[in-house]
Amino acid sequence: MISIRNLNHSFKVGKKGKERQVPVLKGLTFDIADGEIVSIVGKSGSGKSTLLHIMAGFLTPESGEIHVQGVQTSSFSEVESAKFRLDHFGFVFQNFQLMPGLTAFENVELPLTLKGISKSERQEKVNDLMQSVGLTDVQDHYPNELSGGQQQRVSIARALVTDPPIIFADEPTGSLDSETEADVLLLIQSLNKTRGITFVIITHDDEVAQTANRVYRMHDGVLTEGGVQHAI
Amino acid sequence: MQFKDQISFVQQHIKKNKMRVFMTVLAATMGTAFLIVLASVGFGIHETVREEVLSNRLVTEIQVYTNEMDEEKAEELKKRDHVKAVIFRQHLGTMQQSSVGEFTGDHELIVTDFVEEGKVNFELQEGRLPQKSNEVVVGSHFADNLIDQQDVGEDGEFTTYKGKLIGEQFIYKIGDDKGDLIEDEIPLTIVGVGKKPAKDWDQDRKVYADASIIPELEKIYFSHVDKIDEEHPDAQQLFYGNVNVYADKLENVKAVSAALKDDGYSVYSISEELEQLDVFFLALKAGLVFVGTIAILIASIGIFNTMTMAVTERTREIGVMKAIGADPKLIQRLFLMESAWIGILGTVLAVVISYGVSIVSNYVLPIIVTAALGEEDLGGMNVTFSIIPWQLVVIASTISIGVAMISGWRPARKATKIDVINALRQEL
């Protein structure tokens, strides 16, 4: 469970000496239950990406508290945050963020390598996963040899490989055509059902947002509207 | 992340930028090889000078200077710890003359203890050691100094003694305190000829006799000269002694010398000379290493550049790794390993090249120098131009790899400071 209480954040803008604080998140309080697909939808500049960055530990909030599975993560140091991410979070990005010098297989393997898992164990795990997301045929291809849909599948496989309880997806379909978008959303729903993984989807697309169990709407740093509760 | 995975990660990145890494390794190699070769000249000259000094004398020899040396004191010195031999040589403080038939020469007679001499380095090329008071050993160049006085040409040419020496009897005379030769003759028989000195220019023309000859010499001398006593305090004494103490091992020379100094003796040993020599060459070698280090520092600019470029180019990848959960320390370590790898490869190549240059220069330079000087050899000296001891390899490697890692440290730190959000926003 992710529990957010009274979360505030602002950015400094303007020239040095003439900076001013622009509030981005204004006293957010909400919960995300285990096994939910939650989407946070909003226009550009609404603060949804900043919220994701803070939940993921890329940013330290100005004030407020975040608890992930009972652990307060908002006061973590950079090193603690990195370790927590590796063990608890998976990430799916709009432009896939694959390592260009690594094959699809090696990209998926990377989080396990960072965790210090043995090669044989890694290979077994990645092979299984590549099969389950339908990437076995292209596992030796480099990212630039894959289609957008395939790259996003690799990205999802990389997010899944450490069996994290939570996956953050930042505009996961933003770079995909509508057909591939549907495939990816189906895959997310299927993984949520079969593995019980919590997905937090950040999107500007209402259609994508509606595939979630719960929808939060961001406007000027405030969650202005409660989500629609779908059956899990 | 396991260590072998870190290595394979670094190797993958190096492979991607082969040419740039190669050029950086080349610069590191040249800098390190320059340092090693430059310092090796210092080591080579040091060794050459050391060998030259050591070839003339025994390293365990300690020269003792005192006005009051006698047999009793020499005996006392023999009983000291770590003393292998004590050679008490007594020289005559007056003119001397030896003659075999028509041939005469002014050979210096030395009274010594052949047992002690034998313990150190006194060797005969033929014959045996004296057993009676009128038996002597002569130096290897004794005959060269016996000149036929009747046969000296106007142009200065003369004839030297060419006959046999062993068993030959010659007449030995000494002078008085006014420089006049005393007519009393002392017949001496040559029973041995000493070994040639190591150096061609060193000529041994001395006559070595046992202490049993002293009474006869004193009898003749003091029948013409006053003895030193209260009435004649300025009278000239016949014998002047000098003592050489030989330590059992080189390591003990210092201790034996110190003990002698404590007892009021003035001493000189080659180890002291070598110590001064070593200090001088240590300073020289340190200077050469310093100059060589400047070359490595120049090469380090290349390493810094390469690593900074690598970090800049990989900003997005570093951001992704950090986002996934890579420890910032791991990212720093990966970049440090890359710069260390450049340093290590550069050093290994530099060591191999330096040994090659050293071997070639030791072979080629003497040929060039002798050709330039128009001589057959370098004055009999065995000149070594370059030596690379393992210590130099260790010093150069430490400096080279250390400088490479320091050069890579700042870019590596920069990599850990990369902001994940900004890195992920970078265009592909």
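Residues numbered from 1 in each chain as written. Chains lettered and ligands numbered in written order. Predicted model: local features only at pLDDT ≥ 70, side-chain atom pairs only at ≥ 80, totals over all residues.

Another point: the overall build of chain B. Of the regular secondary structure elements, chain B holds 11 helices and 13 strands. Across the 428 residues that make up chain B, the buried fraction comes to 33%. (Helix = DSSP H or I, 4+ residues; strand = E, 2+ residues; numbered from the N terminus. Buried ≥ 20, exposed ≤ 12 C-beta atoms within 10 Å, placed from the backbone.)

Residues and elements named next belong to chain A. The predicted model of chain A has a mean per-residue pLDDT of 86, with 96% of residues at 70 or higher. Within chain A, the element-level pLDDT minimum falls on strand 10 (residues 222-225), averaging 74, and the maximum on helix 3 (residues 104-114), averaging 92. Scored below 50 in pLDDT, residues 228-232 shows seven contacts in the model against residues more than four places distant or in partner chains. (pLDDT = per-residue confidence, 0-100. Contact = placed C-beta atoms within 7 Å.)

Right, let's get into the nonpolar core. Counting residues in hydrophobic clusters, the biggest one holds 113 residues, and the most contacted among them are Met55, Val108, Ala157, Phe168 and Val200 of chain A together with Ile36 of chain B. Per-element tally for this core: the top contributor is helix 2 (residues 18-56) of chain B, with 12 residues. Core analysis: the second largest hydrophobic core is formed by 25 residues, Phe103, Val137, Phe142 and Ile213 of chain B among them. (Core = buried A, V, L, I, M, F, W, Y, C linked by C-beta atoms within 7 Å.)

This next bit is on the sheet that holds strand 4 (residues 63-68) of chain A. Residues and elements named next belong to chain A. Ordered by their spatial adjacency, four strands build an open sheet running 2-1-4-5, and the pairing between neighbours is antiparallel. One side of each edge strand has no neighbouring strand; the edge strands of this open sheet are strand 2 (20-32) and strand 5 (71-72). Note that strand 4 and strand 5 share two bridges and pair antiparallel. Bridging from a neighbouring strand, Val68 pairs with Val71 of strand 5. (Pairing = 2+ DSSP bridges.)

Residue and element names in this part refer to chain B. Mapped onto the secondary structure, Ile182 falls in the loop between strand 9 (169-174) and strand 10 (186-194). C-beta crowding within 10 Å serves as the criterion here: with 18 such atoms nearby, Ile182 is assigned to the partly exposed category. In sequence terms Ile182 and Tyr221 are 39 residues apart; their C-alpha atoms lie 8.0 Å from each other.

Residue and element names in this part refer to chain A. Closest axis-to-axis distance for the helix 3/helix 4 (residues 119-132) pair is 10 Å, and the angle between their directions is 130 degrees. Comparing their axes, helix 4 and helix 3 come out oblique. Like other packed secondary-structure pairs, helix 3 and helix 4 cross with a definite hand, here right-handed. Listed contacts from helix 4 to Phe105, Val108, Glu109, Leu112 and Thr113 of helix 3 are Arg122, Lys125, Val126, Leu129 and Met130. (Axes fitted to C-alpha atoms, helices over the stretch in contact; angles between N-to-C directions. Parallel < 35°, antiparallel > 145°, perpendicular 65-115°, else oblique. Left-handed = near helix turned anticlockwise from the far one by under 90°.)

Taken residue by residue, the interface counts 20 residues in chain A and 18 residues in chain B. The set of elements that each furnish at least two residues to the side of chain A that touches chain B consists of helix 2 (78-88), strand 6 (89-93) and helix 3 of chain A. Counting residues per element, the side of chain A that touches chain B draws most heavily on helix 2 of chain A, which supplies six residues. Of the residues that constitute the side of chain A that touches chain B, the class distribution is 11 nonpolar, six polar and three charged. (Nonpolar A, V, L, I, M, F, W, Y, C, P; charged D, E, K, R; others polar.)

Turning to the confidence of the model for chain B, a few remarks are in order. Here chain B shows a mean pLDDT of 85. Residues at 70 or above account for 94%. On the interface metric, ipTM, the complex scores 0.90, and its pTM is 0.68.

Residue and element names in this part refer to chain A. One non-glycine residue with positive phi stands out, namely Gln69, at about 50 degrees. Classification of Gln69 as partly exposed rests on a count of 14 C-beta atoms within 10 Å. We note that Asp220 has phi near 50 degrees; this positive angle belongs to a residue other than glycine. With respect to the helices and strands, Asp220 occurs in the loop between strand 9 (214-219) and strand 10. The exposure class assigned to Asp220 is partly exposed, which follows from the 14 C-beta atoms found within 10 Å.

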